[in-house]
Amino acid sequence: MFKLAAFAALVGSAAAFAPAQSGRAATSLAVNELEIGTTAPLGVYDPLGWLDTEPEAFERRRAVERKHGRVAMAAVVGSIIHHNDIEFDGYLSPSQNLKFSDVPNGVDGIRSIPTAGLLQILFFFALVELAWMPASKYDG
């Protein structure tokens, strides 16, 4: 009898971690694409009137703003990590005997990177801008 009670308790506790079976709820949102992210009393913020004069450029501006926001967030995370002295092990440039830990914080850090490293960074930016996430791609 004890084994049966223990088995029942075990099965009951395992069922507590099973995913809940729920029906899929259908949602229908009647949303104007131009009003996504607007504030209720203000509406769409367009102080220069570009939405009225150049509506075809609105989606591009919105996509570019998303991309710049993502780059800014990545830059802030990188700055926070670097300023807290969290660095890669090893060498940034073995030929110049430059370790990652030797790179100073702040603006002086960019001056300590070798020219070849700066060129690699610029080529990566060009790849991202021109091929991977071009400004003509608006889907996010």
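About the cut-offs
- Residues numbered from 1 in each chain as written.
- Predicted model: local features only at pLDDT ≥ 70, side-chain atom pairs only at ≥ 80, totals over all residues.
- Heavy atoms only, no water.
- Salt bridge = Lys/Arg side-chain N within 4 Å of Asp/Glu carboxyl O.
- Buried < 20%, exposed > 50% of the residue type's maximum accessible area, 1.4 Å probe, protein only.
- Helix = DSSP H or I, 4+ residues; strand = E, 2+ residues; numbered from the N terminus.

**Some remarks on the pattern of salt bridges**
Going through the model one piece at a time under the given rule, you end up with three salt bridges. For Glu 54, the salt bridge goes to Arg 61, with nearest N and O atoms at 3.1 Å. Given the relative accessible area of 29%, Glu 54 is considered partly exposed. According to the relative accessible area criterion, Arg 61 is partly exposed, its value standing at 31%. Among the ionic pairs, Glu 129 bridges to Lys 67, the shortest N-O distance being 3.4 Å. Linking Glu 129 in helix H5 (residues 115-132) with Lys 67 in helix H3 (residues 58-83), this pair joins segments that are 62 residues apart in sequence. Owing to a relative accessible area of 39%, Glu 129 belongs among the partly exposed residues under this scheme. Under the relative-accessibility criterion, Lys 67 is labelled buried at 10%.

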